[in-house]
Amino acid sequence: MLVALWICSAFCILQSTECADTYDEELVASHLPDGSILASLRFSMLKDTDLGDHYNMFPMALGEVLRRYDVTELHLSMSQGFWRHRFWGYTDPSVPTGAQLVAWFENRNASGVDQKWKGLIHALTGLFCASLSQINSQLTVRPQQTHRMRGVSSSVIGNDSRFVRYGVLPSENVCTENLTPWKKLLPCKSDVSTDSGYSKS
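First, a word on what this report is: a plain description of the structure on this page. This structure is a prediction, so every number in the text was calculated from the model and none was measured. (Residues numbered from 1 in each chain as written. Predicted model: local features only at pLDDT ≥ 70, side-chain atom pairs only at ≥ 80, totals over all residues. Heavy atoms only, no water.)

Moving on, we get to helix α1 (residues 60-68). Taken residue by residue, α1 has Leu62, Gly63, Val65 and Leu66 as its buried positions. Here the buried residues of α1 occupy an arc of 160° about the axis, which is enough to place them on one side. Directly beyond the C-terminal end of α1, a positive phi value near 55° is found at Asp70. (Buried < 20%, exposed > 50% of the residue type's maximum accessible area, 1.4 Å probe, protein only. Helix = DSSP H or I, 4+ residues; strand = E, 2+ residues; numbered from the N terminus. Arc of directions from axis to C-beta.)

As structure tokens, this is what we get:
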């Protein structure tokens, strides 16, 4: 029996005054057609911009990076191995092998987005102990039809492709050095949360 583990994190900066810091985690265990089990872990954290420099559950180290480079939503995935779509179907979201980074920047000056993108990549390289700095201009695109925002900011700033950057690094190897700093960003750190929602399908 094969057990596949999927971890997904989403970090967003809110543009609304209706919510404060929020944190949500979910575990979904699914049976695959060939008898394997897929364990999907999702962690979502939101921060209200009106709280300024006050951080409750949202990680301050990451929050300072997002504020410095005017990032409203960020998706970062690091995966290893490959997914057998033919036998297991498709997952949502679906990510490639290696590292994938998608960032939405505030709708201000489109000419400065590339510079902010470079700064963001270098900051995340140190924060996650990954070689994301190898994502250069040749590995970066500006998607126009895909990668729509999923956070609450999408209704405020829209999905203007001029403010979106996508980069991928297939050669990035995921190891415990990547997981350790990632766990420190969660409110529960490496402890098991007793309030976790569990759903089985």
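Now, onward.
Another point: the side chain of Asp70. Mapped onto the elements of the fold, Asp70 is located in the loop between α1 and β4 (71-79). In terms of polar contacts, Asp70 uses its side chain to reach the side chain of Lys116, at 2.7 Å. Ignoring sequence-local partners within four residues, the contact set of Asp70 consists of Trp104, Phe105, Glu106, Arg108 and Lys116. (Polar contact = N/O pair within 3.5 Å; in protein donor to acceptor, adjacent residues only side chain to side chain. Contact = heavy atoms within 4.5 Å.)

With that settled, consider the pairing of strand β5 (residues 98-105). Counting buried positions over the 8 residues of β5 gives 8, a clear majority of the element. Direction of pairing for β4 relative to β5: antiparallel, over a ladder of 8 bridges. Note on β5: the bridge partner recorded for Leu74 is Ala103. Both β5 and strand β7 (residues 164-169) contribute to a ladder of 6 bridges, which runs antiparallel. Within the sheet, the bridge partner assigned to Val102 lies in β7 and is Tyr166. (Pairing = 2+ DSSP bridges.)

One finds Leu74, Trp117, Leu120, Leu124 and Leu132 to be the most contacted residues of the largest nonpolar core, which totals 31 residues. When residues of this core are traced back to their parent elements, those giving at least two are β3 (37-48), α1, β4, β5 and α3 (113-127). Per-element accounting of this core gives the leading share, 6 residues, to α3. Not counting residues up to four positions away in its chain, the partners in contact with Leu132 are Leu76, Ala99, Ile121, Leu124, Thr125 and Leu169. In terms of nonpolar packing, the next biggest core, distinct from the first, is built from 5 residues, Val102, Trp104, Val164 and Tyr166 among them. (Core = buried A, V, L, I, M, F, W, Y, C linked by side-chain atoms within 4.5 Å.)

Let us look at unusual backbone geometry. With a phi close to 55°, Asp70 is a non-glycine residue in the positive phi region. The class of Asp70 is buried, set by a relative accessible area of 12%. Backbone geometry at Cys129 places phi at a positive 50°, although glycine is not the residue there. When you line up the elements, Cys129 lands in the loop between α3 and β6 (140-141).

So yeah, pure geometry; function would need other evidence.
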